[in-house]
Amino acid sequence: MSDKTRILVVDDQTVVREGLVLLLELLPGLEVAGSAGDGEQAVAMVAELRPDVVLMDLRMPRVDGVEATRRIKRDHPGVEIVVLTTYADDESIFAALRAGARGYLTKDAGADEIARAVAAVRGGAAQLDPAVQRRLVEAVAGDERPRRQGRGGLPDGLTRREAEVLALIARGRSNTEIAGDLFISEATVKTHINNLFAKAGLRDRAQAVTYAFQNDLADPSG
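Residues numbered from 1 in each chain as written. Predicted model: local features only at pLDDT ≥ 70, side-chain atom pairs only at ≥ 80, totals over all residues. Heavy atoms only, no water.

**Student:** Honestly, the side chain of Arg17 in this entry has me stumped. Any pointers?
**Tutor:** Within the secondary structure, Arg17 is located in helix α1 (residues 14-25). It turns out Arg17 is buried and unbridged, and the closest side chain with the opposite charge, Glu18, is 5.5 Å from it. Ignoring sequence-local partners within four residues, the contact set of Arg17 consists of Val9, Asp11, Asp12, Ser35, Ala36 and Gly37. (Helix = DSSP H or I, 4+ residues; strand = E, 2+ residues; numbered from the N terminus. Buried < 20%, exposed > 50% of the residue type's maximum accessible area, 1.4 Å probe, protein only. Lys, Arg positive; Asp, Glu negative; His and termini not counted. Salt bridge = Lys/Arg side-chain N within 4 Å of Asp/Glu carboxyl O. Contact = heavy atoms within 4.5 Å.)

**Student:** Whenever I open this one, the packing of helix α7 (residues 160-170) against helix α9 (residues 186-200) confuses me. Can you help?
**Tutor:** Axes are the key here: two packed helices are described by the angle between their axes and the distance separating the axes. α9 packs onto α7 with a crossing angle of 95° between their chain directions and a minimal axis gap of 9 Å. Judged on the interaxial angle alone, α9 and α7 are roughly perpendicular. Of the residues in α9, those touching α7 at Arg161, Glu162, Val165, Leu166 and Ile169 are His192, Ile193, Asn195, Leu196 and Lys199. Partitioned by chemical class, the residues of the contact of α7 with α9 number five nonpolar, two polar and three charged. (Axes fitted to C-alpha atoms, helices over the stretch in contact; angles between N-to-C directions. Parallel < 35°, antiparallel > 145°, perpendicular 65-115°, else oblique. Nonpolar A, V, L, I, M, F, W, Y, C, P; charged D, E, K, R; others polar.)

**Student:** Even after reading the chapter, I still don't get the sheet that holds strand β2 (residues 30-36), so can you show me in this structure?
**Tutor:** Either a parallel or an antiparallel arrangement is found when strands of a sheet pair, and the pairing is made through backbone hydrogen bonds. Ordered by their spatial adjacency, six strands build an open sheet running β2-β1-β3-β4-β5-β6, and the pairing between neighbours is parallel. Only two strands of the sheet have a single neighbouring strand rather than two, namely β2 and β6 (127-128). As judged from the six bridges shared by strand β1 (residues 5-10) and β2, these two strands associate in the parallel manner. What sits directly across from Ile7, in β2, is Val32. (Pairing = 2+ DSSP bridges.)

As far as function goes, none of this settles anything; it's purely spatial.
So, in structure tokens, the structure goes:
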């Protein structure tokens with residue numbers, strides 16, 4: 001891992017794109033690898049520049065941000081995506097998370113919020129704007145699909161330790177932080193995550209956050 005996080009900025013509005021580039025270049029620990037004006041160009045530039053994180057707009061011509069995210073995660077799974085958009089509706093949020101984004105911010109986010117989101121996703125955590133997280137919670141709260149209950153009332157056969165790890169994922173904790181919180185090794189954390197993902201049919205941490213709230217396993221007071 002290099003000292004600086006290399007970022008590709010993607011936005012179809014020139015003034016927004018150039019403003020983000022100037023802002024990010026002022027933040028410590030970040031380096032702007034390049035910028036793209038639409039999703040098609042973003043996919044090509046990720047292949048060429050290999051950034052660590054893509055700051056992705058959603059509504060763009062030719063290829064939108066959701067499809068660009070899907071293509072980037074398919075071809076370059078190690079590249080993390082943080083959505084930065086005007087839109088915080090359910091359709092946009094879920095489409096972006098399903099495509100593989102780990103961060104979702106609205107464009108009223110400040111520099112510190114963007115920096116935190118970039119650091120979080122590069123560290124293996126999810127980072128959602130508070131308003132987006134509320135929308136996510138409201139949406140999954142209305143989803144009454146039954147889950148298989150195992151021992152202790154936990155869904156899908158999760159163990160109590162796996163449920164504890166899941167709750168910490170929902171709070172945005174990285175693997176290293178979870179290991180410290182639970183006084184276990186990082187390798188053990190990865191084992192628990194692999195097991196709970198397999199049992200619950202989860203693909204990534206964004207889906208795990210949704211699953212945690214849907215099954216009342218998140219601990220918002222933590």
